[in-house]
2 protein chains.
Amino acid sequence: MGLVERRIRERENRKNAILKAARRLFFENGFRTVTIESIAKKAELSKGSIYLYFKSKEEIYTQILLNDIDKFHEHFTDLLQNPTSASEALIRFAGIYVDLFLNDRELFRILMTFMLHTTTMNLPEELNNHIIKSTNKNISVIEEIFRYGIERGEFPPTINLRLSRNALWGLLNGIISLHLFTGSESRRAEMIRSTIKAGLEIYILGLKNQEQPNG
Amino acid sequence: MGLVERRIRERENRKNAILKAARRLFFENGFRTVTIESIAKKAELSKGSIYLYFKSKEEIYTQILLNDIDKFHEHFTDLLQNPTSASEALIRFAGIYVDLFLNDRELFRILMTFMLHTTTMNLPEELNNHIIKSTNKNISVIEEIFRYGIERGEFPPTINLRLSRNALWGLLNGIISLHLFTGSESRRAEMIRSTIKAGLEIYILGLKNQEQPNG
DNA sequence: TGACCAGCGGTCATATAGTGACCAAAGTTC
DNA sequence: GAACTTTGGTCACTATATGACCGCTGGTCA
């Protein structure tokens, strides 16, 4: 309610306004194409003012991505709270994953590109680490679902967790990225979803029927 | 949507925040008691900043009153749109008038004090003129109602408009001010309203039955 | 291939907004 | 009427905002 609080609050608001403006631009046009000038214009500020809140274009971009990645993971927290079957959980996981990326194509592009050539991207250190952690988290969610499936007898206990999990992860990302850069915009979401669904069902069926070495 | 617009908008917002803060303080405590410091605090600004938007304490006060007086008159505009009887209109007029002042006691205090000793108050010239105009407007609203009453045969055509109108105006203000500065806070509104109602009814009855010199 | 150019990230001198210690004057206390 | 307090208003200083400008980069073309 005081004077200092007001100034902090206003500074925070302005910073958020910049981030909000920048986010839209980045996610519509990508890092390279977006100019500081355009961010400033959208945020109703001058170019110089941007640098009162961020030290570089890269920093803006980084902060947005870090924030997005964190929000992203919040969506998975209650995935195994009301557990139906593991198959169901996998399908729900895939659904959430696809939806998020349909809404945040730039984020997906970053993460995919990162996976493809980690070293050459030279993103800021902080972002690098965050992406690695993020990917690991995603994979471990899948792994958890697998464990749950084995526990309740849905999947054979003999499946190779690491391999199965990585394959599924690859399946998801592969399908998404395939469709994200080809085909018509209008039917894209539908195409991705149905392809993922089909792919997953086949994959799950395979898992369930995987030969049991000792059975 | 541009940069200049944003700055103008923000300046306007800040000014309004100051006025809003000041208004509450003035109308709770009166001009003298309120300090610039307290206004600044409520508006979450420093004292010096207030002077970036207003040149004096008096100017703040003046702007608030001018604004309030204008808003005040807006309430009377549709009083004679759906005309019932003139008596009804007078009662409605009185009701609105009382309500407004119950919500804005400082304004009433100013206007009454002004009527009592116009010359000694030395308010800013602009405010002075505005108050005079305001009073005239109020009185002419009453006069209009009277005319309407005569037209439709509710009041005798022989009544002295000027006298009747001024007496009614005095009646209203007298009753309000009487109660405003005496009695308990809790029952004040009720007391004023019922007293006004009774007084008006008597007054109207008198008008209607006023002897007609040539009838 | 290298001269030229356009575009953009980032800087900086300048302008505007905000702050609070300070002052003069007016009021209050004793 | 001296000592003290209170407060409207000022001003030197700080923080925030602006946009012309600079240097670098990547592309173009002779």
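Residues numbered from 1 in each chain as written. Chains lettered and ligands numbered in written order. Predicted model: local features only at pLDDT ≥ 70, side-chain atom pairs only at ≥ 80, totals over all residues. Heavy atoms only, no water.

1. Brief notes about the domain arrangement of chain A
Residue and element names in this part refer to chain A. Heads up, the condition is: Domain extents, as shown, originate in an automatic or database domain assignment. When checking whether two residues touch, look at their non-hydrogen atoms; a contact exists if any pair is within 4.5 Å. Using a 1.4 Å probe, buried area is obtained as the accessible area two parts lose upon being combined, added over both of them.
Domains assigned within chain A are domain 1 (1-54) and domain 2 (58-208). A straight line from the C-alpha centre of domain 1 to that of domain 2 covers 30 Å. The interface of domain 1 with domain 2 comprises 12 residues on the first partner and 11 residues on the second. Here domain 1 and domain 2 share an interface that buries about 1100 Å² over both sides, 74% of which is from carbon and sulfur atoms.

2. Focus on the packing of aromatic side chains
Our working definition: Any two of the Phe, Tyr and Trp rings considered here, Trp counted by its six-membered ring, make a pair once their centres fall within 6.5 Å; the pair's planes then place it as stacked at under 30 degrees, edge-to-face at over 60, or tilted in between. We call a residue buried when its accessible area falls under 20% of the maximum for its residue type, exposed when it is over 50%, and partly exposed in between, using a 1.4 Å probe and counting protein chains only. Helix and strand labels come from DSSP, where a helix needs a run of H or I of at least four residues and a strand needs a run of E of at least two; each type is numbered from the N terminus. Lysine NZ or arginine CZ positioned within 6 Å of the ring centre and within 35 degrees of the ring normal marks a charge as sitting over the ring.
Using the criterion set out here, one finds 18 aromatic pairs over all chains in the structure. Between F72 of chain A and F76 of chain A, the aromatic rings sit 5.5 Å apart at their centres with planes inclined by 80°, giving edge-to-face as the arrangement. Note on F72 of chain A: relative accessible area 5%, which makes it buried. Here F31 of chain B and Y61 of chain B contribute two aromatic rings whose centre-to-centre distance is 4.7 Å and whose plane-to-plane angle is 55°, an arrangement assigned as tilted. Remark: Y61 of chain B occurs in helix α4 (residues 57-74) and F31 of chain B occurs in helix α1 (residues 3-33); sequence separation between them is 30 residues. In textbook terms, an aromatic cluster arises when at least three aromatic residues are bridged by ring pairs, as seen for F72, F76, F93, Y97 and W169 of chain A. We note K57 of chain B situated over the ring of F31 of chain B; from NZ or CZ to the ring centre the distance is 4.6 Å.

3. Some remarks on the nonpolar core
Residue and element names in this part refer to chain A. Applied cut-off: Definition used in this section: a nonpolar core is a set of buried Ala, Val, Leu, Ile, Met, Phe, Trp, Tyr and Cys residues joined via side-chain atoms within 4.5 Å.
Among the nonpolar cores identified, the biggest contains 63 residues, and F26, I39, I60, F93, Y97, F146 and I196 are the most heavily contacted of them. Broken down by element, the residue count for this core peaks at 10 residues, all from helix α5 (residues 86-103). Each of domain 1 (1-54) and domain 2 (58-208) accounts for three or more of the residues forming this core. Sequence-distant contacts of I39, that is, excluding residues within four places in its chain, are made with I18, A21, A22, L25, F26, V34, I50 and I60.

4. Describing the environment of G2 of chain B
Residues and elements named next belong to chain B. With respect to the helices and strands, G2 occurs in the segment before α1. Judged by relative accessible area, G2 falls into the partly exposed class, the value being 23%. In this structure the C-alpha to C-alpha distance between G2 and P156, which are 154 residues apart in sequence, comes to 63 Å.

5. Overview of the protein's contact with DNA strand D
The following threshold applies: Consider each residue's heavy atoms; a residue with any of them within 4 Å of a molecule or strand counts as near. Any pair of nitrogen or oxygen atoms within 3.5 Å is treated as a polar contact; in protein, a donor-acceptor pairing is required on top of that, and neighbouring residues in sequence qualify only through side-chain atoms on both sides. Under the grouping applied here, Gly and all other residues not named as nonpolar or charged are polar, the nonpolar ones being Ala, Val, Leu, Ile, Met, Phe, Trp, Tyr, Cys and Pro and the charged ones Asp, Glu, Lys and Arg.
The immediate surroundings of DNA strand D are formed by 18 residues, with R14, S49 and Y53 of chain A together with I36 and K47 of chain B found nearest. Backbone atoms, meaning sugar and phosphate, form 65% of the atoms of DNA strand D found within 4 Å of the protein. Between DNA strand D and Y53 of chain A there is a distance of 2.4 Å, counted from a phosphate oxygen to a side-chain nitrogen or oxygen. When its residues are assigned to classes, the surface near DNA strand D shows 7 nonpolar, 5 polar and 6 charged.

6. What to know about the relation of the copies chain B and chain A
For clarity, the cut-off: All copies are superposed by least squares; the fitting set is the C-alpha atoms of residues with a pLDDT of at least 70 in both.
Structural alignment of chain B on chain A gives an RMSD of 0.1 Å, achieved by rotating through 179° and translating 0.1 Å along the axis. Expressed as an axis order, the relation between the two copies is that of a two-fold axis. Every residue of chain B has its C-alpha some distance from the rotation axis, and the shortest such distance is that of E10 of chain B, at 5.7 Å. A high fraction, 91%, of the interface residues of chain B reappear at the interface in chain A, so the copies pair face to face through one surface.

7. Remarks on a nonpolar patch on the surface
All names here are of chain A. How we decide: Residues enter patches when their relative accessible area tops 30% and they take part in no salt bridge; the joining distance is 9 Å for like charges and 5 Å for the nonpolar side chains Val, Leu, Ile, Met, Phe, Trp and Tyr. The method behind every accessible area is Shrake-Rupley, applied with a 1.4 Å probe, and residues are considered shielded solely by the protein chains displayed. Salt bridges are identified by distance alone: a Lys or Arg side-chain nitrogen within 4 Å of an Asp or Glu carboxyl oxygen.
A cluster of nonpolar side chains, namely L3, V4 and I8, defines an oily patch on the protein surface of about 270 Å² accessible area. Following the sequence through the fold, I8 ends up in helix α1 (residues 3-33). Given a relative accessible area of 52%, I8 falls into the exposed group.

8. Description of the protein's contact with DNA strand C
As a matter of local geometry, DNA strand C sits amid 18 residues, with K47 and K57 of chain A together with R14, S49 and Y53 of chain B nearest to it. Protein-adjacent atoms of DNA strand C, using a 4 Å cutoff, are sugar or phosphate at a proportion of 66%. Here R6 of chain A contributes a side-chain N or O atom positioned 3.4 Å from a phosphate oxygen of DNA strand C. Between R14 of chain B and DNA strand C, the recorded distance is 2.7 Å, taken from a side-chain N or O atom to a phosphate oxygen. Residue contributions to the surface near DNA strand C peak at 4 residues, all from helix α3 (residues 47-53) of chain B. Each residue belonging to the surface near DNA strand C can be placed in one class, and the counts come to 7 nonpolar, 5 polar and 6 charged.

9. A closer look at the packing of α5 of chain A against helix α7 (residues 125-151) of chain A
Packed helices, taken two at a time, are described by the angle their axes make and the gap between the axes. Residues and elements named next belong to chain A. The condition is simple: Whenever a helix is involved, its axis is fitted only over the stretch in contact; in every case the axis is a line through C-alpha atoms, and angles between N-to-C directions fall within 0 to 180 degrees. An angle below 35 degrees is read as roughly parallel, one above 145 as roughly antiparallel, one from 65 to 115 as roughly perpendicular, and any other as oblique. Each crossing gets its handedness from the near helix: less than a right angle anticlockwise from the far helix is left-handed, clockwise is right-handed.
Contact geometry for α5 and α7: axes closest at 8 Å, N-to-C directions at 160°. One finds that α5 runs roughly antiparallel with respect to α7. You can see that α5 and α7 cross each other, and the crossing is right-handed. Of the residues in α7, those in contact with A86, A89, L90, F93 and Y97 of α5 are N138, V141, I142, I145, F146, Y148 and G149.

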